[in-house]
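Examination of the molecular architecture
Residue-level listing of the chains:
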Amino acid sequence: MLSLVHPSCKTQKPVLLVIIYRPPGPYTEFLSDFSDFLSDLVLSSDKIIIVGDFNIHVDAKNDSLNMAFNLLLDSIGFSQNVKEPTHHFNHTLDLVLTYGIETEHLTVFPENPLLSDHFLITFTFTIIDYTAVESRLYHSRCLSESAVTKFKNVIHPLLPSSMPCTNIEQSSYLNATPTEVDYLVNNFTSSLRTTLDTVAPVKTKVSNQKYLTSWYNSQTRSLKQITRKLERKWRVTNLEDHHLAWRNSLLIYKKALRKARTSYYSSLIEENKNNPRFLFSTVARLTNSQSSTEPTIPLTLTSNDFMNFFTNKILIIREKMTNNHPTDVILSTATLSTIDVKLNSFSPIDLSELTSIITSSKPSTCLLDPIPTKLLKEVLPLINSSILNMINLSLIIGYVPQAFKLAVVKPLLKKPSLDPAVLANYRPVSKLPFISNILERVVVKQLTDHLQRNGLFEEFQSGFRAHHSTETALVKVTNDLLMASDSGLISVLVLLDLSVAFDTVDHNILLERLEHAVGITGTALQWFVSYLSNRLQFVHVNGESSSHTKVSYGVPQGSVLGPILFTLYMLPLGSIIRRHSINFHCYADDTQLYLSMKPGITHQLVKLQECLKDIKIWMAANFLLLNSDKTEVIVLGPENLRNMVSKQILTLDGITLASSNTVRNLGVIFDQDMSFNAHINQICKTAFFHLRNISKVRNILSQSDAEKLVHAFITSRLDYCNSLLSGCPKN
């Protein structure tokens, strides 16, 4: 075994190069020993290359040793890179296994009988040069206990001491104007921001990578200074007493440092135990795993680049839809019959309800918040009346303050493996002020109560409904498919994919749907008109903000209201599908169609074809783009029967049959046999990856903190939709 390290970066873990020879013969002990060997390897390095003659016919798909060997590699996360024969008898025996590192230009040369009956294999790999990060400026503020106390003392006299608005009959509030509401909100946020800047001003500091350790506090700094003094004293005098004093002080310093670090990460894990993304990044930093940390946005991409790209993408889609469907067709498709039940106005809330909503909300803070959400929760008793007045005034007069309609957009990579330098690989996520989210939560609760009370939800829509989830949706679909298979039927499952669905929603059609299909009228409808009008957004990346852009279409991704508004926008889709007698189920913008039939009666596929055509027409008329390239079709059922049907289904209305025998459905991998073996293998592989990462930092974690990480990364995956696995074979 050889360790390879970049000469200019010795702090990174080495690349391990391992050479293995397995003689032909029994393989039971080899698989067991090799499994233990790989497990030990991945705990010592993030990048491993194993080469050698394994005497395993990896080209023979039905070979029992090959199947067990591949299952072992998959479970731990290794990739086998040789795809050609490497031996005189045309078998692939010589392998290149990699973990956490990519190989390039792998070449298998022709046989040279003078050298060996095995073929020569060459490849290249790259050791990344992680150059030291230069010192840079950053901005921070110190919110000490004394600063928080001072904030409380200063903020209270600045806010108006009027009685909270809790009664819709109060004439003074009924006569309030939008201008007065905007003034109230702006004055409130300005008071919070000014007070915070006074008691805890933002300071510019220079970051030095060497000392960016948040747990390095005044106590550990003092102990380090004492230890260094004792060391210098011992080196001058060379006396044994001074040497013992230095060693004892060094031991105390190391214990204090370990305790401070453990305490710091313990509080960090506790505060973010429900935020897997943050915990994942934290563990990645602790393990120095460059492949695990989130890629940063290149400095070559500016905030205006992102803003222009996101805006133009929607305009192009809208223009395409408008050109293909005349206005009269669009309007006629959008109208629905009016229902009798009405929601004329939203009810004001009281202080106890407001307090409950705020305390149960996540303490996330965005660029638009005047003070950190954690601080807002701490001073809530002093400012709750002002917040209550803003929210209830908005509900009573049907107006959303302009400050609540400004969103900061954060570009997020669609997948960690995508190139961060390509704009098309990002999706926009809107961040709104915390108080704006509280207002939306109040509206969502009252809107949901109205929908639930009057049975207005789509029966087969599981998104954003109480007692519904992705698991309930998949249990329903899976049960139908398995029952059909037990009856000797073949099923065709179609997973529809929409392009930027939330961003292309037409506001006029949405308001019409709210009024006629849901029964929103009066000041409640005025509130939604205000919510959708005059919205602005900007992108903020790498410390730079783009120009503000008007939001003419779509519902904000990342908002509280966005998801439920989208499900209401999609309400007519169910009646279109039912018209063709096709089974379906929805979860937000994910829609799946499935049709079961006898193998010999494939003419029923015509119904599915016609259904897809009508769905495309309806979606286009509602400015929704069905992405045929990402929409998947898979045939499910007994192998001997589904092969007969697969030959007849090359395409469904331009949608190609899935090339593989698996599809990902709401995070669960469906295979043609409905065995879920591929899904289970993927879960095991991911769980092992996270266990390996946690084991690297286990020495600085308490048992309680380690359990929280295990629950966040592993148990949550084992629990996700695990009811689908009921009845699966134990092997």
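Summary of the structure given here. Position labels on residues start from 1 in each chain and follow its written sequence. Where totals are concerned, whole chains, interfaces and linings use all residues; where local detail is concerned, this predicted model gives features only for residues with pLDDT of at least 70, and gives and counts side-chain atom pairs only at 80 or more. The side-chain quantities take in all heavy atoms of the structure and omit both hydrogens and water.

Regarding its fold elements, the chain presents 23 helices and 24 strands. Per-residue burial for the chain yields a buried fraction of 45% across its 731 residues. Contacts: residue pairs with any heavy atoms within 4.5 Å of one another. A separation of at least 24 residues holds for 75% of the contacts in the chain among residues at least 6 apart in sequence. What sets the accessible areas is the Shrake-Rupley method with a 1.4 Å probe; for residues, cover comes only from the shown protein chains. Of the roughly 37,400 Å² of accessible surface on the chain, a fraction of 54% belongs to carbon and sulfur atoms. Under the scheme used here, helices are H or I runs from DSSP no shorter than 4 residues and strands are E runs no shorter than 2 residues, and both carry numbers assigned from the N terminus. Accessible area is worked out with a 1.4 Å probe on protein chains only. A residue is then buried under 20% of its type maximum, exposed over 50%, and partly exposed in between.

What follows is about the nonpolar core. Membership of the largest hydrophobic core comes to 98 residues, with the highest contact counts inside it found for Ile-383, Ile-387, Trp-527, Phe-528 and Leu-593. Ignoring anything within four residues of it in the chain, the contact list for Phe-528 reads Phe-346, Val-443, Leu-447, Leu-511, Leu-514, Ile-520, Leu-561 and Leu-565. By nonpolar core is meant a set of buried Ala, Val, Leu, Ile, Met, Phe, Trp, Tyr and Cys residues that side-chain atoms within 4.5 Å join together. The next biggest cluster of nonpolar side chains, apart from the first, holds 23 residues, and it includes Val-18, Ile-20, Leu-38 and Leu-95.

With that settled, the discussion passes to the side chain of Lys-405. Inspection of the secondary structure assignment puts Lys-405 in the loop between α13 (380–397) and β10 (406–413). Positive charges come from Lys and Arg alone, negative charges from Asp and Glu alone, with His and the N- and C-terminal ends not counted. For this analysis, a salt bridge means a side-chain nitrogen from Lys or Arg found within 4 Å of a carboxyl oxygen belonging to Asp or Glu. One buried charge, Lys-405, has no salt-bridge partner; the nearest side chain with opposite charge is Asp-182, at 7.3 Å. Reaching out from Lys-405, the side chain makes a polar contact with the backbone oxygen of Ser-530 at a distance of 2.9 Å. The term polar contact refers here to a pair of N or O atoms within 3.5 Å; inside protein, the definition further demands a hydrogen-donor-capable atom paired with an acceptor-capable atom, and it admits residues adjacent in sequence only when both atoms are side-chain atoms. Within the structure, Lys-405 has its side chain in polar contact with the backbone oxygen of Ser-533 (distance 3.0 Å). In this structure Lys-405 touches Val-400, Ser-530, Tyr-531, Ser-533, Asn-534, Arg-535 and Leu-536, once residues within four positions along its chain are discounted.

This part is about the packing of α13 against helix α14 (residues 434–453). Note on geometry: axes are C-alpha line fits, over the in-contact stretch for helices, and angles between N-to-C directions span 0 to 180 degrees. Two elements in contact, α13 and α14, have axes separated by 10 Å at closest approach and are oriented at 50°. Classified by the interaxial angle, the pair formed by α13 and α14 is oblique. In the crossing of α13 with α14, the sense of the turn from one axis to the other is right-handed. Facing α13, whose interface residues are Ile-387, Met-390, Ile-391, Ser-394 and Leu-395, α14 presents Ile-435, Ile-438, Leu-439, Val-442, Val-443 and Gln-446. Of the residues that constitute the contact of α13 with α14, the class distribution is 9 nonpolar, 2 polar and no charged. Convention used here: angles under 35 degrees read as roughly parallel, angles over 145 as roughly antiparallel, angles from 65 to 115 as roughly perpendicular, and any remaining angle as oblique. Here a crossing is taken to be left-handed if its near helix is turned anticlockwise relative to the far helix by less than a right angle, and right-handed if that turn runs clockwise. Following the grouping adopted for this structure description, the nonpolar residues are Ala, Val, Leu, Ile, Met, Phe, Trp, Tyr, Cys and Pro, the charged ones are Asp, Glu, Lys and Arg, and the polar ones are all others, Gly among them.

For the rest of this paragraph, the subject is the sheet that holds strand β17 (residues 583–587). In this scheme, strands are said to pair when DSSP sees at least two bridges between them. Spatially, β17-β18-β12-β20 is the arrangement adopted by the 4 strands of the open sheet, whose pairing is antiparallel. The open sheet terminates on both sides in strands that have one partner only, identified here as β17 and β20 (632–636). The average undirected angle you get between the axes of adjacent strands in this sheet is 15°. Of the pairings in the sheet, the one linking strand β12 (residues 490–496) to strand β18 (residues 590–597) comprises 7 bridges and is antiparallel in character. Its bridge partner being in β18, Ile-490 is matched across the sheet by Met-597. In the packing of helix α20 (residues 605–621) onto the sheet, the strands contacted are β12 and β18, and the crossing angle to β18 comes to about 160°.

This part is about α13. Between the first and last residue of a helix there are one fewer steps than residues, each counted as 1.5 Å, and that sum is the expected span. Taking 1.5 Å as the rise per residue, α13 with 18 residues should run 26 Å; its terminal C-alpha atoms sit 25 Å apart, in good agreement. At Ser-386, α13 shows its maximal bend, which comes to roughly 25°. Judged by how many residues are buried, α13 sits mostly within the fold: 15 of 18 residues are covered. Directly beyond the C-terminal end of α13, a positive phi value near 70° is found at Gly-398. Each residue is assigned a bend, namely the angle between axes fitted to the seven residues that terminate at it and the seven residues that start at it.

In contact at an axis separation of 10 Å, helix α5 (residues 178–199) and α13 are set at 155° when each is read in the N-to-C sense. Our classification of the angle between α5 and α13 gives roughly antiparallel. The handedness of the crossing between α5 and α13 comes out as left-handed. In this structure, α5 contributes Pro-178, Val-181, Leu-184, Val-185, Phe-188 and Leu-192 to the contact, and α13 contributes Ile-383, Ser-386, Ile-387, Asn-389, Met-390, Leu-393 and Ile-397.

A few words on the pattern of salt bridges. Oppositely charged side chains can form a pair if their charged atoms are brought close together. A complete count under the given rule lists 10 salt bridges for this structure. Residues Lys-613 and Glu-610 are paired through a salt bridge, measuring 4.0 Å at the closest nitrogen-oxygen approach. Taken as a pair, Lys-613 and Glu-610 lie in helix α20 at a separation of 3 residues, close to a single helical turn. A residue is classified by how much of its surface remains accessible, and Lys-613, at 38% relative accessible area, is partly exposed. Judged by its relative accessible area of 35%, Glu-610 falls in the partly exposed class.

This part is about the packing of aromatic side chains. Put simply, two rings from Phe, Tyr or Trp (the six-membered ring, in Trp's case) pair if the centres are within 6.5 Å, and we call them stacked under 30 degrees between planes, edge-to-face over 60, tilted for the rest. Following the criterion strictly, the structure yields 20 aromatic pairs and no others. Following the ring pairs from residue to residue traces out a cluster consisting of Phe-30, Phe-34, Phe-37, Phe-54 and Phe-69. Over the ring of Tyr-569 we find Arg-513, and its NZ or CZ is 5.2 Å from the ring centre. Should the NZ of a Lys or the CZ of an Arg lie within 6 Å of a ring centre and within 35 degrees of the ring normal, that charge is described as sitting over the ring. For the cation-ring pair, Arg-535 lies above Tyr-531, with the distance from its terminal atom to the ring centre recorded as 4.5 Å.

Looking now at α14. Under the 1.5 Å per step criterion, the end-to-end length of α14 is 29 Å for 20 residues, consistent within 8% with the ideal 28 Å. Of all 20 residues in α14, 15 are buried; the element is thus mostly enclosed. Note on α14: the residue one or two positions beyond its end, Gly-455, has a positive phi of about 60°.

With respect to the element layout, Thr-86 can be found in the loop between β4 (79–80) and β5 (94–99). At 2.9 Å, the side chain of Thr-86 and the backbone nitrogen of Leu-93 are in polar contact. Beyond its immediate sequence surroundings of up to four residues, Thr-86 is in contact with His-91, Thr-92, Leu-93, Asp-94, Val-108, Asp-117, His-118, Phe-119 and Ile-121.

Now for the pairing of β17. Bridge analysis of β17 against β18 gives 5 bridges, and the strand direction is antiparallel. Bridge pairing links Cys-586 to Thr-591 in β18. Where β17 folds back on β18, the antiparallel hairpin that results is connected by 2 residues, among which Ala-588 adopts a positive phi of roughly 55°.

Even without being a glycine, Asn-238 presents a positive backbone phi close to 60°. A relative accessible area of 61% means that Asn-238 is categorised as exposed. The backbone phi angle of His-467 is positive, close to 65°, even though this residue is not glycine. Along the chain, His-467 turns up in the loop between α14 and α15 (470–486). You can call His-467 exposed: its relative accessible area is 80%.

Here Glu-632 lies in strand β20. With 32 residues separating them along the chain, Glu-632 and Arg-664 place their C-alpha atoms 9.2 Å apart.

In this section: a positive patch on the surface. By definition, no residue in a patch forms a salt bridge, and every one has over 30% relative accessible area; like charges are joined within 9 Å, nonpolar side chains (Val, Leu, Ile, Met, Phe, Trp, Tyr) within 5 Å. Lysine's charge is taken at NZ, arginine's at CZ, aspartate's at CG and glutamate's at CD. Taken together, Arg-247, Lys-254, Lys-255 and Arg-258 make up a surface patch of like positive charges. Following the sequence through the fold, Arg-258 ends up in helix α7 (residues 240–271).

A cluster of acidic residues, Glu-29, Asp-33, Asp-36 and Asp-40, forms a negative patch at the surface. Note that Glu-29 resides in helix α1 (residues 28–44).

Distances and angles like these do not, on their own, reveal function.
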